[in-house]
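Coordinate analysis (summary)
Residue-level listing of the chains:
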Amino acid sequence: MPPHYPYRPPTDPGTRHPIIIVGGGMVGLTAALDLARRGQPVVLLDEDDTVSIGSRAICHAKRSLEIFSRLGIGQALLAKGVTWNTGRVFAGEKQLFAFDLLAEPGHEFPAFINLQQYHLEEILVEACRKAGVDLRWKSRVTAVDPRADGTTLTIETPDGTYQLQADWLLAADGARSATREAMNLPFVGKVFRDRFLIADVTMRAAFPAERWFWFNPPFHPGGSVLLHRQADNVWRIDFQLGWDADPEAEKAPEKVRARVAAMLGPPILPANTEFELDWVSVYTFRCRRLEKFRHGRILFLGDAAHQVSPFGARGGNGGIQDADNLAWKLNAVLRGQAPESLLDTYDAERIPAADENILASTRSTDFITPKNDAAHAYRAAILALAEHHEFARPLVNSGRLSRPAAYTASPLNTPDDAPWPPGLPPGAPAADAPCGEGWLLHHLAPDFTALVFGPTPATMPPGVTALHLPANGLAAHRYGAQAGDVILIRPDQHIAARWHHCDPETIDAARRRCLCLT
Amino acid sequence: MPDLITTANLADPDAVFEALMNAHRDLAPEASRQLDAKLVLLLANHIGDPDIVKQAIALAVE
Ligand SMILES: Cc1cc2nc3c(=O)[nH]c(=O)nc-3n(C[C@H](O)[C@H](O)[C@H](O)COP(=O)(O)OP(=O)(O)OC[C@H]3O[C@@H](n4cnc5c(N)ncnc54)[C@H](O)[C@@H]3O)c2cc1C
């Protein structure tokens, strides 16, 4: 049974709050948790009183898990989720190839876990509650009045409407963002002329925890099908239906049961495998984004800011990275440690990241839904060649799974002053590695950390904590570091600067640059 | 950036043309298109450099 969170009648109409977040989906909750853990008072408004309906975002990438680990819930998610590393791609009845996402050993988190969005949100709500977030359920924002120094919100509750003032408003109200619509901001991009039936199915099947993707399988001729295992013996099945399908008729339980039954027999599973339908929905996918995510004192994140088709699991994972990028910046501005212009770098860093996700998922969707005869012919050629020829397999695009954005062009980076081996340039997320009894990322401070390699005595400027690491370990190898090297890590665990030779003034200058103080 | 070769570079042009025509001879239009698509993909992989392939596409579209 889904949780229902307690609604409380508002007691503070007209009050001004430093931070209000609209939307308690996975992204708004993540931003709220990050800000609350940084000591900020946060009010979060959500229109209903429960978690996501249906599994929606199921694949959570290593980078998201590392962010959640920084927020104290990484291990809880890992324990609840299904870890998987192997993907298989089929065409017709034949397996074309398998791939293994298992990163090298020496990371706390796997490449991916599968976990229903509702489970993730439930864990986030509990963590937000413990961190002191003021969670207001059944509180729908119906009007947004932006000013230069804040925003007036009108909120509809079971007890009628009231208003609140926000110094800073975070709009995380999803793809149909009421904030975006109230502000009349264009949300442009493309619609893919196709429909997908998404079903959650409960069954006891001794079937491996792998990602299976079929082009044109015998049980669903002409379409593609994706199968994933989730927590609690729930399986997610996506059927490509084509543009002409009738979404309402397709959702009829008998019709869905017939499709699933055709799939869940031999050779995939034993005959008469029993299953229950938990959730069914029909989607048409889109890729689009706002032109800018910052509009004065209003910041958009998650699906409210950008939307992608789900091939590649880039929607939720991208939104989590938005929250990760924004929270420390807003915290620094609110504490007077940085000017408001630091928030412009949220746009500078997250818009290229959104574009990368839009590009990758557009390319996948174009492969999965060919647009004309030439696209069909090329796809058929690739699938035919891929069975026997290794060269054609990288051309098969059933989704390019989410990768963390590296902010390599960010104005916050201090450019290298000497050559470094390729791999982890300024802007890249910090790599994990074993560190003492635990993991490197756990040892990073909430503000700035300097990784100091080898037996180097280091004096740190204020606001920077040193973390001493051996010059011959796995960490040094991953960062391309030698004895004497120093790498400065930002509060969101991205690399800010690195040096072979530096003094406290150099480190301080890089820290100040990261806070837009220079 | 290396340039696409647009001067004569093929050792035995008549034989290559003949091999292409032989391959297509008995094919229906759809199968011909499949064959050409496979050939483009095989040759693009052999070339390896996406810049060269894009230069060839631009020239072919002209
Ligand atoms: C079929 C499908 C599969 C997907 N698979 C994946 C995947 O595997 N991995 C992945 O990373 N992503 C996936 N995604 C994308 C992912 O679900 C979204 O990117 C993610 O939900 C975005 O989170 P969000 O918090 O921005 O928005 P949402 O989760 O949509 O949350 C928005 C919240 O705002 C609230 N709200 C809306 N309007 C108001 C209002 N006016 N006032 C107050 N509250 C309001 C809503 O109640 C909701 O709680 C998938 C999506 C779909 C549809």
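Residues numbered from 1 in each chain as written. Chains lettered and ligands numbered in written order. Predicted model: local features only at pLDDT ≥ 70, side-chain atom pairs only at ≥ 80, totals over all residues. Heavy atoms only, no water.

**A few points about the overall build of chain A**
Note the cut-off: A helix here means a DSSP run of H or I that spans at least four residues, while a strand means a run of E at least two residues long, and both kinds are numbered starting from the N terminus. Throughout, the radius of gyration refers to the C-alpha atoms, and the reference size of a globule is 2.2 Å times the residue count to the power 0.38. Residue burial is assigned from relative accessible area. The probe radius is 1.4 Å, only protein chains are included, and a residue is buried under 20% of its type maximum, exposed over 50%, and partly exposed in between. Working rule for contacts: check all heavy atoms of both residues, and any pair within 4.5 Å makes them a contact. The method behind every accessible area is Shrake-Rupley, applied with a 1.4 Å probe, and residues are considered shielded solely by the protein chains displayed. Counted as positive: Lys and Arg. Counted as negative: Asp and Glu, with His and the chain ends omitted from the count. Taken as the charge centre is NZ of Lys, CZ of Arg, CG of Asp or CD of Glu, depending on the residue.
If you tally the helices and strands in chain A, you get 12 helices and 27 strands. Taken over C-alpha atoms, the radius of gyration comes to 24 Å for chain A, in line with the 24 Å a tight globule of 518 residues would show. For chain A, the C-alpha atoms occupy an extent of roughly 65 × 60 × 45 Å along the three principal directions. Within chain A, the fraction of its 518 residues that count as buried is 59%. Taking the contacts inside chain A whose residues are at least 6 apart along the sequence as the reference set, 71% of them involve residues at least 24 apart. Total accessible area computed for chain A in this model is approximately 21000 Å², and 52% of it derives from carbon and sulfur atoms. For chain A, the distance from the average position of its 52 positive side-chain charges to the average position of its 59 negative side-chain charges is 2 Å.

**Considering the overall build of chain B**
When helices and strands are counted, chain B shows 3 helices and 0 strands. Helices (α) and strands (β) of chain B occur, in sequence order from the N terminus, as α-α-α. Its C-alpha radius of gyration of 13 Å places chain B more than 25% over the 11 Å reference for a compact globule of 62 residues. Its C-alpha atoms give chain B principal-axis dimensions of about 40 × 25 × 25 Å.

**Some words on the environment of D278 of chain A**
Residues and elements named next belong to chain A. With respect to the helices and strands, the residue D278 is situated in strand β17 (residues 275–283). You can call D278 partly exposed: its relative accessible area is 41%. Along the chain, D278 and L115 lie 163 residues apart, while their C-alpha atoms are 15 Å from each other. Setting aside its immediate chain neighbours within four residues, D278 contacts D200, V201, T202 and V234.

**Some details on the nonpolar core**
Rule in force here: Here, the term nonpolar core denotes a set of buried Ala, Val, Leu, Ile, Met, Phe, Trp, Tyr and Cys residues that are joined through side-chain atoms within 4.5 Å.
Ranked by internal contacts, the top residues of the largest apolar core, which has 91 residues, are I21, L170, F300, L301 and L488 of chain A. Setting aside residues no more than four positions away along its own chain, L301 of chain A makes contact with V27, A31, L170, A171, A172, D322, A323, L326 and Y346 of chain A.

**Quick word on the domain arrangement of chain A**
How large an interface is tends to be reported as the accessible area lost when its parts come together. Our working definition: Domain start and end points were adopted from an automatic or database domain assignment.
Partitioning chain A into domains gives domain 1 (369–395) and domain 2 (434–514). Distance from the C-alpha centre of domain 1 of chain A to the C-alpha centre of domain 2 of chain A: 46 Å.

**Some thoughts on the interface of chain B and chain A**
Rules: Two parts placed together each lose some accessible area under a 1.4 Å probe, and the buried area is that loss summed for both. We count a salt bridge whenever a side-chain nitrogen from Lys or Arg sits within 4 Å of a carboxyl oxygen from Asp or Glu. Any pair of nitrogen or oxygen atoms within 3.5 Å is treated as a polar contact; in protein, a donor-acceptor pairing is required on top of that, and neighbouring residues in sequence qualify only through side-chain atoms on both sides. Under the convention adopted here, Pro, Cys and the residues Ala, Val, Leu, Ile, Met, Phe, Trp and Tyr are nonpolar, Asp, Glu, Lys and Arg are charged, and Gly plus all remaining residues are polar.
Each side of the interface is counted separately: chain B has 8 residues, and chain A has 11 residues. Of the roughly 880 Å² buried where chain B meets chain A, counting both sides, 77% is carbon and sulfur surface. On inspection of chain B and its partner chain A, the count reaches 0 salt bridges. Linking chain B with chain A are 1 residue pair in polar contact (both at pLDDT 80 or more). For the side of chain B that touches chain A, the class distribution of residues is 4 nonpolar, 2 polar and 2 charged.

**Quick notes on the sheet that holds strand β27 (residues 495–499) of chain A**
All names here are of chain A. Here is the rule we go by: Strands pair, by our definition, only if DSSP identifies at least two bridges between them. Between the N-to-C directions of two axes lies an angle of 0 to 180 degrees, each axis being a line fitted to C-alpha atoms and, for a helix, fitted only over the stretch in contact.
Read across the open sheet, the 4 strands follow the order β25-β24-β26-β27; overall the sheet is mixed. Of all strands in the sheet, those bounded by a partner on one side alone are β25 (464–469) and β27. With strand direction ignored, the average angle separating the axes of adjacent strands in the sheet is 20 degrees. Against the sheet, helix α12 (residues 504–514) makes contact with β24 (448–453), β25, β26 (486–489) and β27, and its axis sits at roughly 160 degrees relative to β27, the strand it touches most.

**Focus on helix α9 (residues 344–368) of chain A**
Cut-off, in case you're wondering: Every helix has an expected span of 1.5 Å times one less than the residues it contains. Two axes define the bend at a residue: one fitted to the seven residues ending there, one fitted to the seven starting there, and the bend is the angle between them.
Along its 25 residues, α9 of chain A runs 36 Å from first to last C-alpha, staying within 8% of the 36 Å computed at 1.5 Å per residue. Taking the largest bend as the criterion, α9 of chain A deviates by roughly 25 degrees, centred on R350 of chain A, and proline P352 of chain A comes between one and four positions later.

**Topic: the sheet that holds strand β4 (residues 82–84) of chain A**
Residues and elements named next belong to chain A. If you walk across this open sheet you meet the 3 strands as β3-β7-β4, and the pairing is antiparallel. Edge strands, defined here as strands with exactly one partner in the open sheet, are β3 (59–61) and β4. Ignoring which end each strand starts from, the neighbouring axes of this sheet average 35 degrees apart. Of the strands in this sheet, β3 and β7 (112–114) are in contact with helix α2 (residues 62–70), which crosses β3 at around 70 degrees.

**Description of the site of the ligand**
All names here are of chain A. What counts, and what does not: Put simply, a residue is near a molecule or strand once any heavy atom of it comes within 4 Å of that molecule or strand.
The local shell around the ligand holds 33 residues, among which D46, Q117, D303, G316 and N317 are the closest. Interatomic distance of 3.0 Å between a backbone N/O atom of V141 and a nitrogen atom of the ligand. Of the residues assigned to the shell around the ligand, the class counts are 14 nonpolar, 11 polar and 8 charged.

**As for unusual backbone geometry**
Residue and element names in this part refer to chain A. The phi angle at N216 is positive, at roughly 55 degrees, despite the residue not being glycine. Here N216 lies in the loop between β14 (211–215) and β15 (224–229). Even without being a glycine, A313 presents a positive backbone phi close to 55 degrees. Structurally, the position occupied by A313 is in the loop between β21 (306–307) and α8 (315–334). What makes A313 buried here is its relative accessible area of 16%.

**Some points on helix α4 (residues 117–130) of chain A**
A turn of α-helix holds 3.6 residues, and therefore any two residues three or four places apart point the same way. Residue and element names in this part refer to chain A. Across its 14 residues, α4 extends 20 Å between first and last C-alpha, which sits within 8% of the 20 Å expected from 1.5 Å per residue. Within α4, burial applies to Q117, Y118, H119, L120, E121, L124, V125, A127 and C128. On its buried side, α4 packs onto α1 (26–37), β3, α2, α3 (74–80), β8 (134–136) and β13 (196–203). Downstream of α4 by a residue or two, G132 has a phi angle that is positive, lying close to 90 degrees.

**Considering the packing of helix α1 (residues 13–24) of chain B against helix α2 (residues 29–47) of chain B**
The description of two packed helices rests on the angle between their axes and on the distance between the axes. All names here are of chain B. This is how the line gets drawn: Any angle between 65 and 115 degrees counts as roughly perpendicular, while under 35 counts as roughly parallel, over 145 as roughly antiparallel, and the rest as oblique.
Closest axis-to-axis distance for the α1/α2 pair is 10 Å, and the angle between their directions is 140 degrees. If you check the angle between α1 and α2, you find them oblique. Counted together, L20, A23 and H24 of α1 and S32, L35, D36 and L39 of α2 form the full contact between these two elements. Looking at the contact of α1 with α2 residue by residue, the classes come out as 4 nonpolar, 2 polar and 1 charged.

**A short note on the pairing of strand β16 (residues 234–240) of chain A**
Residues and elements named next belong to chain A. When you tally the buried positions in β16, you get 7 out of 7 residues, the bulk of the element. Burial of β16 is two-sided: the residues V234, R236, D238 and Q240 facing one way and the residues W235, I237 and F239 facing the other way are all buried. Two strands pair when backbone bridges link them, and β15 and β16 are joined in this way by 5 bridges, in the antiparallel orientation. Counterpart to V225 in the pairing with β16 is F239. The hairpin formed by β15 and β16 contains 4 residues between the paired strands, and D232 there has a positive phi angle of roughly 60 degrees.

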